[in-house]
Amino acid sequence: MRIAMIGGGYVGLVSGACFAEFGTEVVIVEADHDKLAALKAGSIPIYEPGLDKIVSTNVTAGRLSFTDALASAIDDVDAVFIAVGTPTRRGDGHADLTYVYEATRQIARHARKNLLVVTKSTVPVGTGREVARILREERPDLSFGVASNPEFLREGNAIGDFMRPDRVIIGIDDTAADGGAQARA
Ligand SMILES: NC(=O)c1ccc[n+]([C@@H]2O[C@H](COP(=O)([O-])OP(=O)(O)OC[C@H]3O[C@@H](n4cnc5c(N)ncnc54)[C@H](O)[C@@H]3O)[C@@H](O)[C@H]2O)c1
């Protein structure tokens, strides 16, 4: 399986590296050039015990890579995860979804086939519907599955939280997005 992770911050980097450790091919798309340069040079911009080893092992094995080229990153993947920031909006305190919707538009514009889009960012109820609406609006010629798979990792314990989670939440509203789980259940 091959996936693209949009956003190489705390959640994108930890989940991307751990997915690779599980055997998935992962390309992490990071828009910040300094962060991307650091990641490509093998330097880990966050403090997370054990992450440097997982990253270097999987980069060496060819399962994990970093890029700013979203178009080619999503070219040949089974799913695209959105793990961009959702900072608290000034004034009303709500999550600012600008980065999530911008990443959604970028995925739609560059998609060359039907894709499964999974939000990993922490987002309010209704975001999945809006992500699906943007995808449909931008690319009526394609069909997108949309799923929600929020991350609950705690900084400093993120690898353990990802590898041995006490819960995994997956939200879908169509069978195309569930990878066959309903059919197997
Ligand atoms: N940090 C945590 O402990 C934690 C835990 C659980 C959930 N979350 C949630 O996960 C999400 C991500 O959090 P984070 O801490 O990883 O954020 P972050 O700000 O550390 O990382 C987000 C990254 O996405 C990149 N980015 C933004 N738009 C992009 C685009 N269009 N293409 C490529 N890269 C892009 C940014 O440059 C940044 O490096 C948030 O919704 C957050 O609330 C965070």
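Residues numbered from 1 in each chain as written. Predicted model: local features only at pLDDT ≥ 70, side-chain atom pairs only at ≥ 80, totals over all residues. Heavy atoms only, no water.

(A) Focus on the overall build of the chain. For the chain, the helix and strand inventory stands at 8 helices and 7 strands. Computed over its C-alpha atoms, the radius of gyration of the chain comes to 16 Å, within 12% of the 16 Å expected for a compact globule of 185 residues. Over its C-alpha atoms, taken along the principal directions, the chain stretches across nearly 45 × 40 × 35 Å. Of all 185 residues assigned to the chain, the portion counted as buried reaches 43%. Counting contacts in the chain only where the partners sit at least 6 residues apart, residues at least 24 apart contribute 71% of the total. Summing over all exposed atoms, the chain offers an accessible surface of approximately 9800 Å²; the carbon and sulfur share of this is 50%. Averaging the positions of the 20 positive and the 25 negative side-chain charges in the chain gives two centres separated by 1 Å. (Helix = DSSP H or I, 4+ residues; strand = E, 2+ residues; numbered from the N terminus. Rg over C-alpha atoms; globule rule 2.2 N^0.38 Å. Buried < 20%, exposed > 50% of the residue type's maximum accessible area, 1.4 Å probe, protein only. Contact = heavy atoms within 4.5 Å. Areas by Shrake-Rupley, 256 points an atom, 1.4 Å probe, with all protein chains shown as cover. Lys, Arg positive; Asp, Glu negative; His and termini not counted. Charge placed at Lys NZ, Arg CZ, Asp CG, Glu CD.)

(B) Representation of the environment of L142 in the model. Here L142 lies in the loop between α6 (127-138) and β6 (144-148). Along the sequence, L142 and A95 sit 47 residues apart, while their C-alpha atoms lie 29 Å from each other. Sequence-distant contacts of L142, that is, excluding residues within four places in its chain, are made with A111, K113 and N114.

(C) Seen up close, the sheet that holds strand β2 (residues 25-29). Taken together, 7 strands build an open sheet; the order of strands is β3-β2-β1-β4-β5-β6-β7 and the sheet is mixed. Lying at the two open borders of the sheet, with one neighbouring strand each, are β3 (64-67) and β7 (171-172). Where strand β5 (residues 115-119) meets β6, 5 bridges bridge the pair, whose relative direction is parallel. Counterpart to V117 in the pairing with β6 is V146. Those strands touched by helix α5 (residues 98-110) are β1 (2-6), β4 (79-82), β5 and β6, and its axis lies near 160 degrees from that of β4. In the packing of α6 onto the sheet, contacts are made with β5 and β6, and the angle to β6 comes to roughly 160 degrees. (Pairing = 2+ DSSP bridges. Axes fitted to C-alpha atoms, helices over the stretch in contact; angles between N-to-C directions.)

(D) A look at the nonpolar core. Ranked by size, the top nonpolar core spans 28 residues in total, and within it L64 and F66 carry the most contacts. Element by element, the count of residues in this core is highest for helix α1 (residues 10-21), at 7 residues. Not counting chain neighbours up to four residues away, the residues in contact with F66 comprise L13, I28, L36, L39, K40, V55 and V59. If you look at the next biggest cluster of nonpolar residues, it comprises 27 residues, including V84, L97, V100 and L142. (Core = buried A, V, L, I, M, F, W, Y, C linked by side-chain atoms within 4.5 Å.)

(E) Molecular detail of the site of the ligand. The immediate surroundings of the ligand are formed by 20 residues, with V11, E30, K35, T86 and T122 found nearest. Within the side chain of E30, a nitrogen or oxygen atom sits 2.5 Å from an oxygen atom of the ligand. At 2.8 Å from an oxygen atom of the ligand is found a main-chain nitrogen or oxygen belonging to T122. Across the complex, the protein chains shield 76% of the 830 Å² of accessible surface that the ligand would expose by itself. In terms of residue class, the shell around the ligand is built from 8 nonpolar, 7 polar and 5 charged. (Near = heavy atom within 4 Å. Polar contact = N/O pair within 3.5 Å; in protein donor to acceptor, adjacent residues only side chain to side chain. Nonpolar A, V, L, I, M, F, W, Y, C, P; charged D, E, K, R; others polar.)

(F) Geometry of the confidence of the model for the chain. Looking at the chain, the pLDDT average stands at 93 and 94% of residues meet or exceed 70. In this model residues 181-185 is a low-confidence stretch, pLDDT under 50, and it forms 4 contacts with partners more than four residues away in sequence or in other chains. (pLDDT = per-residue confidence, 0-100.)

(G) Main features of the side chain of E48. Mapped onto the secondary structure, E48 falls in the loop between α2 (33-40) and α3 (51-60). Notably, E48 is buried but unbridged: the nearest opposite-charge side chain belongs to R154, and the N-O separation is 9.0 Å. A distance of 2.8 Å separates the side chain of E48 from the backbone nitrogen of G156, its partner in a polar contact. Leave out the neighbours within four places in its chain, and E48 touches Y10, V14, E155, G156, N157, A158 and I159. (Salt bridge = Lys/Arg side-chain N within 4 Å of Asp/Glu carboxyl O.)

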